[in-house]
Amino acid sequence: MRHVIEEARATAVEQGQSSDGALALISARAAAPEIHQAHDTIAVVTGQGAADPRSRFGLMAATLFAGDQLGELPDWLEALPDGARITVVVAPDATDATVLDRLSARIDTLTVVLKLLAATQRPCRMLVLTETGAGGAPAGEEAGIRAFMRVAINEFPDIDPRLVDVASPAPTEALAAIMAADDAERELRITASGVEISRIRRGMEREAPLGPDERAVLHFADGVGLDGFEWLRQARQEPGEGEIEIEVAAAGLNYRDVMVGLGLLDDDLLGAGLTRAALGFECAGRVSRVGLGVTRLRPGDAVMGFAAGAFASHITCPDWHFFPVPDGLDLEAAATIPVAFSTAWYALVERGHVRAGETVLIHGAAGGVGLAAVQIAKLHGAQVLGTASNDARRAIAMAAGADAVFDSRRERFADEIRRQIGSVDVVLNSLAGPAMLASFRLLKPFGRFLELGKRDFLDNTQLALRPFLRNIAYSGVDLDELLAADPALVREMMAKLAEAFGNQSLRPLTYRSFEAYEVGAAFRTMQASEHVGKIVIRPPQAARTDLASLSYAARPGLYVVVGGTTGFGFATARWLARKGASHLALLSRRGAVDADLAAELAEMRANGATVVVEALDVCDKAAVTETLGRLMREHGPLRGVIHAAVHLDDGLIANLTPERLRAVLRTKVDGVINLSDATEDLDPDIFVAYSSATTLIGSPGQGAYVAANGFMEGFMRGRRSRGRPGLAVGWGAIADVGLIARDK
Ligand SMILES: NC(=O)c1ccc[n+]([C@@H]2O[C@H](COP(=O)([O-])OP(=O)(O)OC[C@H]3O[C@@H](n4cnc5c(N)ncnc54)[C@H](OP(=O)(O)O)[C@@H]3O)[C@@H](O)[C@H]2O)c1
């Protein structure tokens, strides 16, 4: 799984802009923290040579330990009176040292303070301040500190460290309130307008208004259930000959959509139909464009009809699928008509041949097809019996014209009907199992059983043939297959329905409409049969980008992969070659591809890519500049830079030495800075560094690694805020290549 950690995007999300992080850490306005008890004794720790931070942060009463004075902190702690509550604030540094030196020194200081506070027996708290960098987001260094502290939060639960990012100028009252608060917020940001807290939000906030050539299409992610829906952005389809495009006003929801959304129906089961296992197959809207040869309908016409994938803002389909909306009907009401009324009409009139004076039993009489069937059976002069699951639904079926309505939840309905009414001529069935069989047994000789449900077909329920001696007929009814097989009959039925709506002998169904963002609720309402009549869904005006539709095309030119001689870096190079990279430079300190990758390297070359393998220590600034310059002279313009180098040396913060920390930080911190500086005047399409999902969670035992990755993430945000390409990808554990696969 791919995680892209994008704190900077978070603010953009809040401001309603788009974000392209798969996992975004977002800021939300915090409620005022509850003030519990002030920590009355405060120490401020800062690095060597830094200005006194106390006035800047409103901490004048605090004791300062700057640089070497950190060594005095243990004695100071020791000398405090019993019961004193202590807050140690670690303030940011602003020295002239290199980024690596500063970051290492700050983490060294944090490590010392963490260890000291862990050893003290007193109630204490640690507050780590960072300062928002240019562009409103913490710069690489601050992001490195924050990432390190996420590990500290996990490794030192007793100290309960907090992170506060301070936008300058610092509103000092907010800092005081945070210090006095006793809530669970561990990452906060003070801005000019208040305190923000961080939240992790799943998914990518890519929703943006549709462009004129775009449409939104409903999609359910596999295996996520009914809340896993998204409206995805696609190109609108120009209508071809005999086709129309419709701007959808509302689409009707059918039980079959719920089953498709849950992944229970697929094209194998529904393969013979017109729309098959598409989501949505009826809607109403206005014709937006017509293709060649279409004369029946014109742009602007209000239409209702059938189309595969009707949960969309626009759909393109053959013109005969759509029919003018009868005068006086609004578009949402019209969206309730096509499936319910044509299904009921086809079943009762075409297959059931219902006649005046006959008795018709309609199961689910308060549902969409059921209510339509009640009206159609009455229109044909039948006596209508219904079933429904509760009193309210039974009352609705009665109001729609049923003569008697029974309780469908108890199979006793069959006994009651037999006792009160006798047997019936026609059953419109949607009940499964024993209820279906009980209904079947209610039929008179010459009776017609019309099966709407799918469950007994899918279960291959057995039915004894003996009753068929009495001229009984059993018909399966599937509108979708009818649409595919007999368009002329569908047209004829829709014309009769339109006429009946025109002279008001039929009325559109009662319905509930849901907004696009309520799709999950709409589907669940239907799943639980909590609705009456129809459910319609209004499509959105905005949609997200379909990630599956994104594919990367490399431009011919040079791609530099540092750490490309093995593991995930090499896999990246191979992927780039497949995507069209013509020249690849695989760089690492050893400058040799792993022996077991020789065949794959040969294959890349045989497929036409020029692949050079060279020795380069990405921490050596001069060597990076020289190597990249020479490679470009030899292999053409630089198209991409991938930093996939890593030096791993895991261990708890308590065991972290300055040397071990620095070695881990260097490869990522100096590496990415050197690559960035060497390409500052160039225009690569991509500039990518490989980070890790551990940055987000602060994986215990990986303080140095997490800090290094956190730095790269902040650094990339800084690049983007300058308009430069830059992306840090927070990969999860990779099973097949790289250091974790090797260690298995
Ligand atoms: N594997 C995973 O599950 C996983 C998960 C999340 C993130 N990542 C990230 O993905 C990237 C690749 O990881 P990996 O698993 O492929 O690691 P790997 O197999 O250990 O490869 C690391 C590469 O970096 C090179 N390297 C180390 N220091 C270097 C330096 N100073 N200059 C130039 N090259 C240097 C190494 O070659 P030399 O020793 O010859 O220099 C090696 O080719 C890393 O950034 C890692 O943090 C990996």
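Residues numbered from 1 in each chain as written. Predicted model: local features only at pLDDT ≥ 70, side-chain atom pairs only at ≥ 80, totals over all residues. Heavy atoms only, no water.

### What to know about helix α12 (residues 412-420)
Step number 1: Within the span of α12, buried status applies to Phe413, Ala414 and Ile417. Each buried residue of α12 sits inside an arc of 100 degrees when the element is viewed along its axis, so together they form one side.
Step number 2: Its buried side turned inward, α12 meets β18 (359-362), β19 (383-388), β20 (404-407), β21 (424-429) and α13 (434-440).
Step number 3: Among the residues trailing α12, glycine 422 stands out with phi positive, at a value near 105 degrees. (Buried < 20%, exposed > 50% of the residue type's maximum accessible area, 1.4 Å probe, protein only. Helix = DSSP H or I, 4+ residues; strand = E, 2+ residues; numbered from the N terminus. Arc of directions from axis to C-beta. Contact = heavy atoms within 4.5 Å.)

### Observations concerning the packing of helix α9 (residues 338-351) against helix α10 (residues 368-379)
Step number 1: One way to put it is that α9 packs onto α10 with a least axis distance of 8 Å and a crossing angle of 50 degrees. Here α9 lies oblique to α10, going by the angle between them. For α9 against α10, the interelement crossing comes out right-handed. Contacts between α9 and α10 involve Ala340, Phe341, Thr343, Ala344, Trp345, Leu348 and Val349 on the former and, on the latter, Gly368, Val369, Ala372, Ala373, Gln375, Ile376, Ala377 and Leu379.
Step number 2: A class-by-class count of the residues in the contact of α9 with α10 yields twelve nonpolar, three polar and no charged. (Axes fitted to C-alpha atoms, helices over the stretch in contact; angles between N-to-C directions. Parallel < 35°, antiparallel > 145°, perpendicular 65-115°, else oblique. Left-handed = near helix turned anticlockwise from the far one by under 90°. Nonpolar A, V, L, I, M, F, W, Y, C, P; charged D, E, K, R; others polar.)

### Brief notes about the sheet that holds β21
Step number 1: The strand order β20-β19-β18-β21-β22-β23 describes an open sheet built from six strands, whose pairing is parallel. One side of each edge strand has no neighbouring strand; the edge strands of this open sheet are β20 and β23 (473-476). Neighbour to neighbour, the strand axes of the sheet diverge by 15 degrees on average, direction disregarded.
Step number 2: Examined bridge by bridge, strand β22 (residues 443-451) and β23 share four bridges and lie parallel to one another. Bridged to glutamate 451 within β23 is glycine 476.
Step number 3: Lying over the sheet, α10 contacts β18, β19 and β21, oriented at roughly 170 degrees with respect to β18.
Step number 4: Sitting on the sheet, helix α11 (residues 391-399) touches β19 and β20, and the angle it makes with β20 is about 160 degrees. (Pairing = 2+ DSSP bridges.)

### Observations concerning the packing of aromatic side chains
Step number 1: Evaluated as defined, the whole model comprises 14 aromatic pairs.
Step number 2: Look at phenylalanine 311 and phenylalanine 523: their rings are 6.0 Å apart centre to centre, the planes differ by 55 degrees, and that puts the pair in the tilted class. Separated by 212 residues along the polypeptide, phenylalanine 311 in the loop between β15 (302-305) and β16 (314-318) and phenylalanine 523 in helix α17 (residues 519-527) bring together distant segments of the chain.
Step number 3: For the ring pair tyrosine 552 and tryptophan 575, a centre distance of 5.8 Å and an interplane angle of 15 degrees mean the geometry is stacked. Residue tyrosine 552 is located in the loop between β26 (542-543) and β27 (558-562), and its partner tryptophan 575 is located in helix α18 (residues 567-578); the two are separated by 23 residues in the primary sequence.
Step number 4: A residue is classified by how much of its surface remains accessible, and tyrosine 552, at 24% relative accessible area, is partly exposed. (Phe/Tyr/Trp six-rings, centres within 6.5 Å; stacked < 30°, edge-to-face > 60°.)

### Details of the side chain of histidine 531
Step number 1: Along the chain, histidine 531 falls in the loop between α17 and β25 (534-537).
Step number 2: Contact partners of histidine 531, with chain neighbours within four places excluded, come to Arg393, Thr525 and Met526.

### As for the pattern of salt bridges
Step number 1: Counted under the stated rule, the structure contains 38 salt bridges.
Step number 2: The salt bridge involving arginine 146 is made with glutamate 187; its shortest N-O contact spans 3.5 Å. Note that arginine 146 is positioned in helix α4 (residues 140-155) and glutamate 187 in strand β8 (residues 187-191), a separation of 41 residues in sequence.
Step number 3: Assessed through its relative accessible area of 13%, glutamate 187 is described here as buried.
Step number 4: With its nearest N and O atoms 3.0 Å apart, the salt bridge here joins lysine 378 to aspartate 403. Within this pair, whereas lysine 378 is found in helix α10, its partner aspartate 403 is found in the loop between α11 and β20, the two being separated by 25 residues in sequence.
Step number 5: Note on lysine 378: relative accessible area 32%, which makes it partly exposed.
Step number 6: Residue aspartate 403 is classed as partly exposed on the basis of its relative accessible area of 37%. (Salt bridge = Lys/Arg side-chain N within 4 Å of Asp/Glu carboxyl O.)

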